[in-house]
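Remarks on the overall topology
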Amino acid sequence: MLKKKLLRTALRYKSQFISMIIMIALGIGVFVGFNMEWVSIEENTDYVFEKTGFADFRLVSENGFSKEDFDSIMAISGVKDATRYISINTTVKDDTDVIALTVSENISVSGFMLIGEGKEYDNDSKDEIWLSDQYAEKNNIKVGDKITLTYKNIEFQASVAGLIKSSEYLICLPDPTLLMPDYNSYGFAYISPEAFKEAMGMEFYTQINVLSDMDKEDFSKAADKALSKTTLVLSKDDTVSYSEAMGEVNEGKTMGSILPVLFIAIAVLTMVTTMHRITSNEKTQIGTLKSLGFRDRKILVHYSSYAFSIGIIGTILGIGIGYGLAYYIMNPYGAMGTYIDMPTWNLYMPSFCIIVIVLVNLFLTFIGFLSVKKMLHGTAAEALRPYVPSKMKRILLERTKLWNRLGFGTKWNMRDIIRHKARTGMTLFGIIGCAILIVGGLGMQDTMNYFVDVFYNKAINYQTRINISEQATNEQALEIAKQYNGDYSSTVSIDIAGDPVSLEIYNIEHDRVRIIGEDMGFVTLNDNEAYISKRIADDNGIKQNDLFTFSPYGSDEEYTVKIAGISRSMTESVVMSESYAKKLGIDYKIIVVYTNDTDIKSDENIANTQTKQAIIDSFDVFMELMTTMVFLLVIAAIILGVVVLYNLGIMNYIERYRELATLKVVGFRDKKIGGLLIMENLYLAFAGIIVGIPLGLWVLDYLIGALASEYEMVSCVTITTYIISIVLTVGVSLFVSLIISKKNKKIDMVEALKATE
Amino acid sequence: MNIAEFKNVSKIYTSGDHTLKALDNVDFELENGKFIVVLGPSGAGKSTLLNMIGGLDIPTSGTIIINGKDISKLSNDELADYRAKTVGFVFQSYNLIPTLTVYENVELVSDIVDNALSSEEMLEQVGLKDHMKNFPSELSGGEQQRVSIARALAKNPEILLCDEPTGALDSQTGIVILRLLQKMAKDYGKTIIIVTHNQNISKMADVVVRVKNGKIQSIEKQAEPLSVDEIDW
């Protein structure tokens, strides 16, 4: 029989029950979704890293490594396996597409895996190539097709033996300044060492890739000793594939911890207030059951089971939402699919999620248990007495003169706000949450727009970027710069506290490239100071006017420079002018020319060119992803606001039903009563916004710090975002209040004011 | 002049197949400025009658004219305005707003009525001047009922409607309330309609209306009504 009561009560409090279920479902959904996302990225990338022998360390030397060098490295105890390796950018013949042509002597390190049909890798094959399946698909290339690549003056023709994926190209970017892969114009391929040797006419490997569990410092020392010279060592963290994949994992961790906490906290608070309401409303029923002879335990179980069933239904829906969300982000055709090139896209449910879900459910049930426990105190007769709400207390404001000037409606609302602290707190919580999500979401987009505007639209002031061939001399490069009225730059790898950093040397006469300063404005390079990017400065405690010393890789020279200030850059870098570099006597080689000319004639000293448009296009997908994310956040904010406020509004309405009926009898019009209810919500909405917007800005800063530190961004919030946030939050509050105030018309005055015993 | 005229008024409540005739073709007139008691057993339709006069409910058929105005076909808002200006209600269960003080409970009517009487004066009249700053929950039942009378009168209405005003009070407190009602009616010249099942109260009425089974049984004028203190409670 109690089961029937359970169902009927659930029907009676349906709006509360539904809103709690929605909150729990959203909380658990977001929690499960983002945590599944990052765990699944970790599992799936682990699989491809493992399967294709992703290297732990890369030794890099532009002069190449000999067979003897390789043997010395293999001899280091702690090195499990290694390979000589090279990746060069080749151009597809009669096309502008670039293919990173890769050779790994020992394919079990830095290798690849075959996708679909095709021939297994053959170390001796001479005229076969294994091509990125993504590039093949975008360019409509099939197994057996012929492809011709050019490098300098060398042409290499091969037939496609198989379509592959490789962890070395997990995130396939031609240049670290680009945000998203573009398989239409950039891909990768493997050929055998034999084929490479034949095409080049010699053996040449610029890297030794190593599998080892050693830590970087130990390995670095051991390698230097083995090769008897200092060599640049890159760890996994220094590779785009690994660091970006881990970046995605961390993003998921952040998203999976902030948002769900907000939703679950709101679900729990809603549960506390609602269960308290239900049990206090049913106090006499509880007394009746008690006097009928039901044991306390049975009554406790009955009321706890409300909370329990709400939790379970919410959890089931939540897990469904979580899977949906995880799949939405984590599928080969979805957002992540355009970014990470993984062979498997399995979804994994992390075990800690299950533990958290169980704990949340236990906690919810416990809340139900506690609220009825309170009502069960004492004898059946005591339990039968109706619940008496807390006595009215005077509030501080009443002692001031201002109080007497307030209209009755304001007084009524103020007292109500003070009296029902839990309800007020919950309402504020809901509005604050709503404001945080909207400010955070829209602020994120503002920040990204600002970032793109400064880093790309403004800092890139050239139309074409000309990449100079490796064999070209500085004189030849200068010739090209002069020919196209261009600025030029060079990059030198330097060592700062054991980390590889790039030293960027610019000659800027035509304002084609701009250096971004700490305040996101542009700075001018001078002849006796250098700029240092924010991350390096922060990591090493370097400030303006400090002196700091570095040494280029493969050189024993040390240079001490004075820091002019902090710069913001996509790469960790030290930036200086060409004249300062000359003054210091640093060796450099010009590698890029920036020009406004779009008509670049082919030249043996030009490797390839990139247009500004192509660079900007590459982050369209990225921005699209961002917009989807922001849209989801704003929708979540609105759902949160509407559900929480509606639930509380209904509660307020039920609790004040009698008062509202009295006002009606006295002669207040429906609209006037509605106006009073709306005013109360508006007070709370404004209070919530005043707290919510600064909190939203704080969360935004945190998110940008956590999600995008590699872009060295500064959060930026536009006036429009403030306005939209306020309008949406107030709008949600108004919308809900209007719906609820419409109910005034249905108040049955006669029924409501009947005598109660 | 008549304060209230009922012409063929019926009120039928339907729920599902079940219909209940609360008022069955009722026809009567009530004179202005009188102390009127509506008497009848529970379920007779006397509260329905009171609710009709008070504009809380509209008849299923028929016409109700209060103070020369037909109120049987008013809109919701017009009814609210009618309640604000023409009638004052006193209920068995007081129905004060618990979050407002005694003073504020009375003062709230000035939000809707232009010619409201001074709240302080009304509270002084009902003997609660010293409790103005208290909340209803800090008062006894009798005191709370006095607040509700002050609130009803502060609107300066034409008619004061009381539904079992002493129903929730002990007899001593009930007498105090009735005495107050009688005094206020006299001092302010209002028509008072009290609905009750208590025969004794009818002894103080100018007019006694007896209701049974949704019909008016009799309307009886008493030439010499007793004062509260003359009645043997």
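Up top is the structure.
Residues numbered from 1 in each chain as written. Chains lettered and ligands numbered in written order. Predicted model: local features only at pLDDT ≥ 70, side-chain atom pairs only at ≥ 80, totals over all residues. Heavy atoms only, no water.

Focus on the overall build of chain B
Going by this rule: Per the convention used, a helix needs a DSSP run of H or I reaching at least four residues, while a strand needs a run of E reaching at least two, with both numbered from the N terminus. Our radius of gyration is a C-alpha quantity, and the globule rule it is checked against amounts to 2.2 Å times the number of residues to the power 0.38. Exposure classes here rest on a 1.4 Å probe applied to the protein chains alone. A residue is buried below 20% of its type maximum, exposed above 50%, and partly exposed in between.
Scanning chain B for helices and strands turns up six helices and 10 strands. Since a compact globule built from 233 residues should have a radius of gyration of about 17 Å, the 17 Å found for chain B is in line with a globular shape. Across its three principal directions, the C-alpha atoms of chain B cover 50 × 45 × 40 Å. Classification of the 233 residues of chain B by burial places 54% in the buried group.

Things to note about the overall build of chain A
Rule in force here: Here a residue-residue contact requires only that any non-hydrogen atoms of the pair lie within 4.5 Å. Here, Shrake-Rupley sampling with a 1.4 Å probe gives the accessible areas, and only protein chains in the shown set may cover a residue. Note on charges: Lys and Arg go in the positive column, Asp and Glu in the negative column, and His and the chain ends are not counted at all. Where a charge sits is defined by one atom per residue type, namely NZ (Lys), CZ (Arg), CG (Asp) or CD (Glu).
Per the secondary structure count, chain A includes 23 helices and 21 strands. Along the first, second and third principal axes, the C-alpha set of chain A runs to 105 × 55 × 45 Å. Among the 757 residues that make up chain A, the fraction classed as buried is 55%. Taking the contacts inside chain A whose residues are at least 6 apart along the sequence as the reference set, 81% of them involve residues at least 24 apart. Looking at chain A as shown, the accessible area adds up to about 33700 Å², and 57% of this sits on carbon and sulfur atoms. Of the charged side chains in chain A, 72 are positive and 88 negative; the average position of the first set lies 23 Å away from that of the second.

Section: unusual backbone geometry
All names here are of chain A. The phi dihedral of Ser-228 falls on the positive side, at around 45°, and the residue is not glycine. As for its placement among the helices and strands, Ser-228 is situated in the loop between α6 (216–227) and β10 (232–235). Notably, Asn-545 is not glycine yet its phi reads approximately 70°, a positive angle. Structurally, the position occupied by Asn-545 is in the loop between α16 (534–540) and β17 (547–552).

Examining the sheet that holds strand β7 (residues 159–163) of chain B
Residue and element names in this part refer to chain B. What counts here: DSSP-based pairing: two strands are paired if at least 2 bridges between them are found. Axes here mean lines fitted to C-alpha atoms, for a helix over just the part in contact, with angles spanning 0 to 180 degrees between N-to-C directions.
The six strands are arranged β6-β7-β8-β3-β9-β10 in an open sheet whose pairing can be described as mixed. In this open sheet, the two strands that pair with only one neighbour each are β6 (87–90) and β10 (215–221). Neighbour-to-neighbour, the strand axes of the sheet open up by a mean angle of 15°, direction not taken into account. One ladder, built from four bridges, connects β6 with β7; its direction is parallel. In the strand pairing of β7, Val-87 is matched with Ile-159. The strands that helix α1 (residues 46–54) touches are β3 (35–39), β6, β7, β8 (191–196) and β9 (207–212); relative to β7, the one it contacts most, it runs at about 150°. Across the sheet, helix α6 (residues 171–188) lies against β3, β7 and β8, angled at about 155° from β8, the strand it touches most.

Description of the interface of chain B and chain A
Interfaces are often described in size by the accessible area the parts lose on coming together. What counts is decided by this rule: Salt bridges, as used here, are contacts in which a Lys or Arg side-chain nitrogen is within 4 Å of a carboxyl oxygen on Asp or Glu. Distance and chemistry together define a polar contact, namely a pair of N or O atoms within 3.5 Å, with one atom able to donate a hydrogen and the other to accept it when in protein, and with adjacent residues in sequence counting only for side-chain atoms on both sides. All amino acids are sorted into three groups, where Ala, Val, Leu, Ile, Met, Phe, Trp, Tyr, Cys and Pro are nonpolar, Asp, Glu, Lys and Arg are charged, and the leftover types, Gly among them, are polar.
In this assembly, 30 residues from chain B lie in contact with 29 residues from chain A. Scanning the region where chain B abuts chain A turns up four salt bridges. With a closest N to O distance of 3.9 Å, Asp77(B) and Arg669(A) form a salt bridge. Summed over the shared surface of chain B and chain A, the number is eight residue pairs in polar contact (both at pLDDT 80 or more). Per element, the largest residue contribution to the side of chain B that touches chain A is six residues, and it comes from helix α2 (residues 76–86) of chain B. Across the side of chain B that touches chain A, the residue classes break down as 12 nonpolar, nine polar and nine charged.

Regarding the packing of helix α2 (residues 14–51) of chain A against helix α10 (residues 351–375) of chain A
The relative placement of two packed helices is expressed as an angle between their axes plus a distance between the axes. All names here are of chain A. How we decide: When describing relative orientation, an angle under 35 degrees is termed roughly parallel and one over 145 degrees roughly antiparallel, while 65 to 115 degrees is termed roughly perpendicular and anything else oblique. Crossings are sorted by hand: turned counterclockwise from the far helix by less than a right angle, the near helix makes the crossing left-handed, and turned clockwise it makes it right-handed.
Running from N to C, α2 and α10 cross one another at 165°; their axes reach a closest spacing of 10 Å. Considered as vectors, α2 and α10 are oriented roughly antiparallel to each other. Read as a crossing pair, α2 and α10 show a hand that is right-handed. Only Phe-352, Cys-353, Val-356, Ile-357 and Leu-364 of α10 make contact with α2, whose side of the interface consists of Ile-24, Ile-28, Phe-31, Val-32, Asn-35, Trp-38 and Val-39. Class assignment for the residues of the contact of α2 with α10 results in 11 nonpolar, one polar and no charged.

A short note on a nonpolar patch on the surface
Residues and elements named next belong to chain A. Just so we agree on the cut-off: Candidates for patches are residues over 30% relative accessible area with no salt bridge; among them, like charges are joined within 9 Å and nonpolar side chains (Val, Leu, Ile, Met, Phe, Trp, Tyr) within 5 Å.
On the surface, a cluster of nonpolar side chains totalling about 420 Å² of accessible area is made up of Ile-18, Ile-22, Phe-631, Ile-635 and Ile-639. Those elements that provide at least two residues to the nonpolar patch are α2 and α19 (620–655). Top contributing element to the nonpolar patch by residue count: α19, with three residues. By secondary structure assignment, the location of Ile-639 is in helix α19. Since its relative accessible area comes to 31%, Ile-639 is described here as partly exposed.

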